Amino acid sequence: MKIAVVGAGACGFMTAAHTALNGHDVALYEFPEFSESITEIQKLGGINLEICEGNGLPSGFAKINTITSDIAVALEGAEIIIVAVPAYAEARAAKVCAPYLKKEQSVYLSSGYMYGSLEFAQILKENGNHEPIEIAEMNNTIYAGFKTGPSTVWAGGYKHGLGVASFPGKSTTSMVEKLKTLYPEIVAFENIVQTGVSNPNPSLHTTTVVFNACYVDRKADVLLYHDGQHLSAMSDAVARVNEDMNAERMRLLEKGVFQSLEEWKFLVRDWYGYHGVKGETLTEIVSSHPGLSLGKLPKTFDHRYLTEDVPFGLLPLIEILERYEIPCPVNKAVAALAVSLSGINLNERQRTLRSLGLEKLSNADLFRYLYEGKL
């Protein structure tokens, strides 16, 4: 199968290398302004994929057939397009792809953040593409890792049971079955709101930054979930805040918004259970995963753990909770602290129903629209 991967950051590298090592014809695209990030792999003709033992991924040198900053070349003939950029870059990706995407091509957003597919569909139309493009989003990036050099990426984690839903929702079953050719462990979720509120990162990442602000300010070398030179950023106290944030979220189940909804900490445990991850508390779960042992606290507040997780994860969650009249003081407090500590107006960057022009829909009409794709 021919795959196009949009974005050559760590996620793009892992996606391209993994799918290529599994025998697919892969094209990797990077935006022209970041073309220096693919210079080395263009010379080599591929990517070195290193893995954490036990995560089941192939490793070694992955030959990438096409490495380019020409989006037309990358998308030509691709059956599946995986957009492997941060949530805040998905709008840019949609604009770049708009002139070339065709109705027979399926788009998958790998960031895991709320309403990516809605925004992507809107931007395609705004840029003249009125094809019935089916777009799916996940409830997290399927990999956890980072680049260790200009041609090498380390994949520590690979998630089993990741949730996927599409816009329009009526296409979810067929979209999931197609994506299973690459990721057989994924499962179908009810809709893209369920995928969005089932991303643990906005809670995990934001709290570790907010409640370790002194370490961030001083650029200390702190591991996220394992003890190193300093104690880990995730402590029992930080975990309690996560539990309270999750408890507010779980009231969506009481309101009948979803048929099922799993606690954030148990989602993480389920993703990595095959890798020996276990525990009942959040600290036990994240500290038992060897693939997360190298993750570090950011050394700046201008980092995805705030600039992505708050506007694209936490604020959309708060909006949904408020639509169902669910009090969420802890989630709101963490979001407010993130803005205050960082000095960044994260609120103006949010991707919510309001920013997408859909806030006036009733809850019933919203979910109807998400399924049908028509207002």
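Just above sits the structure.
Now for a look at the structure at hand. (Residues numbered from 1 in each chain as written. Predicted model: local features only at pLDDT ≥ 70, side-chain atom pairs only at ≥ 80, totals over all residues. Heavy atoms only, no water.)

Looking only at helices and strands, the protein chain features 16 helices and 12 strands. Dimensions of the protein chain, computed from C-alpha atoms along their principal axes, come out at roughly 50 × 50 × 40 Å. Here the protein chain holds 375 residues, and 57% of them are scored as buried. Considering only intrachain contacts with a sequence separation of at least 6, the fraction spanning at least 24 residues in the protein chain is 73%. (Helix = DSSP H or I, 4+ residues; strand = E, 2+ residues; numbered from the N terminus. Buried < 20%, exposed > 50% of the residue type's maximum accessible area, 1.4 Å probe, protein only. Contact = heavy atoms within 4.5 Å.)

Following Phe 167, the chain continues to Pro 168 via a peptide bond in cis, the omega torsion being 0 degrees. At Lys 219, a residue that is not glycine, the phi angle is positive and equals roughly 55 degrees. Along the polypeptide, Lys 219 turns up in the loop between helix H9 (213-217) and helix H10 (236-254). Exposure remark for Lys 219: the relative accessible area of 52% places this residue in the exposed category.

Turning next to the sheet that holds strand E4 (residues 60-63). Overall, mixed pairing links the four strands, which are arranged E4-E3-E10-E9 in an open sheet. Both outer strands of the open sheet, E4 and strand E9 (143-149), are each paired with one neighbouring strand and no more. Pairwise comparison of adjacent strand axes, ignoring direction, gives a mean angle of 30 degrees for this sheet. Pairing geometry for strand E3 (residues 46-51) and strand E10 (residues 152-158), over four bridges, is parallel. Bridge pairing in E10 places Ile 51 opposite Ala 155. On top of the sheet, helix H1 (residues 10-21) reaches E3, E4, E9 and E10; it is set at about 100 degrees to E9, its chief contact. (Pairing = 2+ DSSP bridges. Axes fitted to C-alpha atoms, helices over the stretch in contact; angles between N-to-C directions.)

Attention now goes to the packing of helix H8 (residues 201-210) against helix H15 (residues 329-342). At their nearest, the axes of H8 and H15 sit 10 Å apart, and the two run at 50 degrees to each other. What the angle tells us is that H8 and H15 run oblique. The element H8 and its partner H15 pack so that their crossing is left-handed. Residues Thr 206, Thr 207 and Val 210 of H8 pack against Val 334, Leu 337, Ala 338 and Leu 341 of H15. For the contact of H8 with H15, the per-class residue count stands at five nonpolar, two polar and no charged. (Parallel < 35°, antiparallel > 145°, perpendicular 65-115°, else oblique. Left-handed = near helix turned anticlockwise from the far one by under 90°. Nonpolar A, V, L, I, M, F, W, Y, C, P; charged D, E, K, R; others polar.)

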